[in-house]
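Each chain is listed here by its residues.
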Amino acid sequence: MQVMRPLQPRFYSIASSPLAQANEVQLTVSVLRYSNRGRRRSGVCSAFMADRAAEYEAGRGTGLFLQPSSHFRPPADPARAAIMVGPGTGIAPFRGFLHDREASGAAGSNWLFFGEQHEATDFYYREEIDQWRRSGHLDRLSLAFSRDQAEKVYVQNRMIEEGAELWRWIDGGAHFYVCGDASRMARDVDKALRRVIAVHGGMTAEAADDYVAQMREDKRYARDVY
């Protein structure tokens, strides 16, 4: 007798590139652990992967499947610039993008917006990002660590602060990508994008909305949000 429904699959954005990490699929996973009414609880999939990593190494593993995302990939034109907004684990696909564009020799500029709570403990892939900055592969890096100062700062705040340069990239044909939380972050980033376009593009709010709609139509604005 079936009492409970089967668990729904968990989806994770791939954080690697087949050009740079052959025969591997790398993920960026934040492990969920919390207490509820005196009981310790944990995320079903994230804790499973974290707590049973040794078993994976022993060859036991578990099943997985790939779900293609045809709309969310680096620009088809390697000369096009890419603006990537990925706070928290939303950085995952953009790490893959940057590895892919480096391995393929793509000439387009790269700009990453990343944010988390604390720089000292939550700066994911810091060594790789620092290396990309030194090599020039990552042209611009905008960081927002929300709890490192009295007033919280998020990636959308950085977008507004750097609006003039952001508009220059967008007006020059850059692709704009967002990955991460759909409930608040993606909505706030979208509002910031429209504000930047209106203010620095000299448009009305309605014209900015039309501009964003055209970006979507041209596949220059893509989101992977959850």
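The coordinates are above.
This one's a predicted model, so the numbers in the text were calculated from it and none came from an experiment. (Residues numbered from 1 in each chain as written. Predicted model: local features only at pLDDT ≥ 70, side-chain atom pairs only at ≥ 80, totals over all residues. Heavy atoms only, no water.)

With that settled, the discussion passes to the overall build of the protein. What the protein contains, in helices and strands, is nine helices and seven strands. Here the C-alpha atoms of the protein give a radius of gyration of 19 Å, agreeing with the 17 Å that 2.2 N^0.38 yields for 226 residues. Here the C-alpha coordinates of the protein stretch approximately 60 × 45 × 40 Å along the principal axes. Sorting the 226 residues of the protein into buried and exposed places 36% on the buried side. Taking as baseline every contact in the protein between residues at least 6 positions apart, the subset at least 24 positions apart corresponds to 67%. Accessible surface, the protein: about 13,600 Å² in total, of which carbon and sulfur atoms supply 48%. When the 30 basic and 29 acidic side-chain charges of the protein are each reduced to a single mean position, those positions are 8 Å apart. (Helix = DSSP H or I, 4+ residues; strand = E, 2+ residues; numbered from the N terminus. Rg over C-alpha atoms; globule rule 2.2 N^0.38 Å. Buried < 20%, exposed > 50% of the residue type's maximum accessible area, 1.4 Å probe, protein only. Contact = heavy atoms within 4.5 Å. Areas by Shrake-Rupley, 256 points an atom, 1.4 Å probe, with all protein chains shown as cover. Lys, Arg positive; Asp, Glu negative; His and termini not counted. Charge placed at Lys NZ, Arg CZ, Asp CG, Glu CD.)

Along strand β6 (residues 175-180), six of the six residues are buried, which leaves the element largely enclosed by surrounding structure. When strand β3 (residues 82-85) meets β6, the two strands line up parallel, connected through four bridges. Across the sheet, residue I83 finds its bridge partner in β6, namely F176. By the bridge criterion, five bridges tie β6 to strand β7 (residues 221-225) in an arrangement that is parallel. Looking at the pairing, C179 lines up with D224 of β7. (Pairing = 2+ DSSP bridges.)

Taking strand neighbours across the sheet as the criterion, the five strands line up as β5-β4-β3-β6-β7 in an open arrangement whose pairing is parallel. Both outer strands of the open sheet, β5 (140-145) and β7, are each paired with one neighbouring strand and no more. Within this sheet the neighbouring strands show an average axis-to-axis angle of 10°, counted without direction. Relative to β5, strand β4 (residues 110-116) is paired through six bridges, and the arrangement is parallel. Considered in β5, the bridge of F113 is made with S142. In the packing of helix α7 (residues 163-171) onto the sheet, contacts are made with β3, β4 and β5, and the angle to β4 comes to roughly 135°. (Axes fitted to C-alpha atoms, helices over the stretch in contact; angles between N-to-C directions.)

Moving on, we come to the pattern of salt bridges. A full pass over the atoms with the stated rule returns 10 salt bridges. Linking R158 and E161 is a salt bridge whose minimum nitrogen-to-oxygen distance equals 2.9 Å. Of the two residues, R158 and E161 are both situated in helix α6 (residues 155-161); the distance of three residues between them amounts to about one turn of the helix. Given the relative accessible area of 53%, E161 is considered exposed. Between R194 and D209 there is a salt bridge, with the nearest N and O atoms lying 2.9 Å from each other. (Salt bridge = Lys/Arg side-chain N within 4 Å of Asp/Glu carboxyl O.)

A contiguous nonpolar patch, built from I14, V25, L27, L64 and L66 and spanning about 490 Å² of accessible area, is present on the exposed surface. Within the fold, V25 resides in the segment before β1 (33-36). (Patch = residues over 30% accessible without salt bridge, like charges linked within 9 Å, V, L, I, M, F, W, Y side chains within 5 Å.)

Turning our attention to unusual backbone geometry. Unlike most non-glycine residues, N23 shows phi in positive territory, near 65°. By the element assignment, N23 lies in the segment before β1. Its identity as a non-glycine residue notwithstanding, Y125 has a phi of 55°, on the positive side. Relative to the helices and strands, Y125 is located in the loop between α4 (119-122) and α5 (126-135).

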